[in-house]
Amino acid sequence: MLFSKKKNLGIESEDMNKIVADSGITHIAFIMDGNGRWANKRGLPREAGHGVGVKAFKKAVTLCRDWGIKTVTTYAFSTENWKRPPQEVREIMRLLDEYIKEAEDDNEKNHIRYIFLGDKERLGEELKAKCLYLEGLTRDNPLTLNIALNYGGRAELVSAVNSLIAEGKTEISEEDISSRLYTKESPDPDLIVRTGGEVRLSNFLLWQSQYSELYFTDCLWPDFDEMELRRSIIEFSKRKRRYGGV
Ligand code: FPP
């Protein structure tokens, strides 16, 4: 039987709160892939896909918050994404700038703590200052939204190890590494959702994804709506997590 869009898989919002609570999911991460293809299919420039992608992301964050998920992480821009055409990079940075401005304005009602994962140095002084300001402004808010920006999983690990060397450590533990990653404030993600049909992590949360459940969908990110989000969380709630045990 086809799922009715209106009925949202036949599950009400209150049920989603229960499904989230029972499943134990506290941290969901998104690889928002497929914006360019979404735009191309409509004869639009790739950048238009990113614009609609931001709208889909805002909706997903609101739903996660309303259903009781405490931490959301997204892959907005990787260390490799600088290779894209300058016009596309400029538009992604503009969208981020706009997003940061709105996050500041909505701080009182959103209760979200923003953390930018990645090396801020390459962002330019202005954007870097805006990221730092938003992090400071929202630091006491109860829900966390990590935005990976100029982020690479390997670069993050190298930076953590270099910090440990600088501290003079000669022997290190897993905890030493975890506590020097950009994500040190967050638990490891329970679920990583990747849209756009590719089945890989693309240098995202390499250390933190040790026991994350992975969910891949062909849905292109701008089409990732409430029903798609429900589907991914319901699928997660059915997984048996054994962490290497039986
Ligand atoms: C992947 O799709 C998407 C990106 C690399 C950029 C995502 C960035 C945004 C949505 C804007 C900024 C984010 C926030 C949170 C304000 P793709 O371009 O690789 O798509 P394709 O595989 O179809 O080409």
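Refer to the structure presented above.
Residues numbered from 1 in each chain as written. Predicted model: local features only at pLDDT ≥ 70, side-chain atom pairs only at ≥ 80, totals over all residues. Heavy atoms only, no water.

**Q** Can you help me understand the state of the cysteines in this one?
**A** Cysteine pairs can be covalently joined through their sulfur atoms, and such a bond is termed a disulfide. Throughout the structure, instances matching the rule amount to zero disulfides. Free of any disulfide, Cys64 has its nearest neighbouring cysteine sulfur in Cys219, separated by 14 Å. For Cys64, a relative accessible area of 0% gives the class buried. Accessibility expressed as a relative area gives 12% for Cys219, which makes it buried. (Disulfide = S-S within 2.5 Å. Buried < 20%, exposed > 50% of the residue type's maximum accessible area, 1.4 Å probe, protein only.)

**Q** Before we go on, may I ask you to explain the site of the ligand in this structure?
**A** Around the ligand, the surrounding shell holds 17 residues, and the nearest of these are Asp33, Gly36, Arg37, Arg46 and Arg84. Here an oxygen atom of the ligand sits 2.8 Å away from a polar atom, N or O, in the side chain of Arg46. Here the ligand loses 92% of its free accessible area of 630 Å² to cover by the protein chains. If you list the elements that add at least two residues to the shell around the ligand, you get helix H2 (35-41), helix H3 (46-67) and helix H4 (86-105). Split into classes, the residues belonging to the shell around the ligand amount to seven nonpolar, five polar and five charged. (Near = heavy atom within 4 Å. Polar contact = N/O pair within 3.5 Å; in protein donor to acceptor, adjacent residues only side chain to side chain. Areas by Shrake-Rupley, 256 points an atom, 1.4 Å probe, with all protein chains shown as cover. Helix = DSSP H or I, 4+ residues; strand = E, 2+ residues; numbered from the N terminus. Nonpolar A, V, L, I, M, F, W, Y, C, P; charged D, E, K, R; others polar.)

**Q** It is not clear to me how the pattern of salt bridges should be interpreted in this structure. Could you clarify?
**A** Any two side chains of opposite charge can pair, given that their charged atoms come close. This model, assessed by the stated rule, comprises 25 salt bridges. Linking Lys18 and Asp22 is a salt bridge whose minimum nitrogen-to-oxygen distance equals 2.5 Å. Linking Lys18 with Asp22, this pair stays in helix H1 (residues 13-23), spanning four residues, or about one helical turn. Under the relative-accessibility criterion, Asp22 is labelled exposed at 56%. With its nearest N and O atoms 3.0 Å apart, the salt bridge here joins Asp190 to Arg241. Of the two residues, Asp190 is situated in the loop between helix H8 (174-178) and strand S5 (191-194) and Arg241 in the segment after helix H9 (226-238); the sequence distance between them amounts to 51 residues. You can call Asp190 buried: its relative accessible area is 10%. (Salt bridge = Lys/Arg side-chain N within 4 Å of Asp/Glu carboxyl O.)

**Q** Explanation requested: the packing of H3 against H9 in the structure shown.
**A** The description of two packed helices rests on the angle between their axes and on the distance between the axes. At a minimum axis separation of 10 Å, H3 and H9 run at an interaxial angle of 50°. Regarding the angle of H3 to H9, the classification is oblique. The crossing of H3 and H9 is right-handed. In this structure, H3 uses Ala60, Leu63, Cys64 and Trp67 to contact H9, whose residues at the interface are Glu226, Leu229, Arg230 and Ile233. (Axes fitted to C-alpha atoms, helices over the stretch in contact; angles between N-to-C directions. Parallel < 35°, antiparallel > 145°, perpendicular 65-115°, else oblique. Left-handed = near helix turned anticlockwise from the far one by under 90°. Contact = heavy atoms within 4.5 Å.)

**Q** Quick question: what am I supposed to make of helix H7 (residues 153-166) here?
**A** Helical geometry: 3.6 residues make up each α-helical turn, so side chains three or four residues apart lie on a common side. Taking 1.5 Å per residue as the helical rise, H7 with its 14 residues ought to reach 20 Å, and the 20 Å between its terminal C-alpha atoms agrees with that figure. When we look at burial in H7, the residues that qualify are Gly153, Glu156, Ala160 and Leu164. All buried residues of H7 lie within an arc of 75° about the axis, which places them on one face of the element. Opposite the buried face of H7, by more than 90 degrees, sit the exposed residues Arg154, Val158, Ile165 and Ala166. Buried-residue contacts for H7 involve strand S4 (143-151) and H8. Trailing H7 by a residue or two, Gly168 shows a phi angle of about 85°, which is positive. (Expected span 1.5 Å × (residues − 1). Arc of directions from axis to C-beta.)

**Q** Which parts of the structure should I look at to understand the sheet that holds S5?
**A** Strands belonging to one sheet form pairs held by backbone hydrogen bonds; the direction of such a pair is parallel or antiparallel. On the basis of which strands lie adjacent, the open sheet formed by six strands has the order S3-S4-S2-S1-S5-S6 and parallel pairing. Because the sheet does not close on itself, it has two edges, and the strands there are strand S3 (112-117) and strand S6 (213-216). For this sheet the average axis-to-axis angle between neighbouring strands, irrespective of direction, equals 20°. Relative to S4, S3 runs parallel, the two sharing six bridges. The residue bridging Tyr114 from the neighbouring strand is Leu145, located in S4. Of the strands in this sheet, S3 and S4 are in contact with helix H6 (residues 125-137), which crosses S3 at around 145°. (Pairing = 2+ DSSP bridges.)

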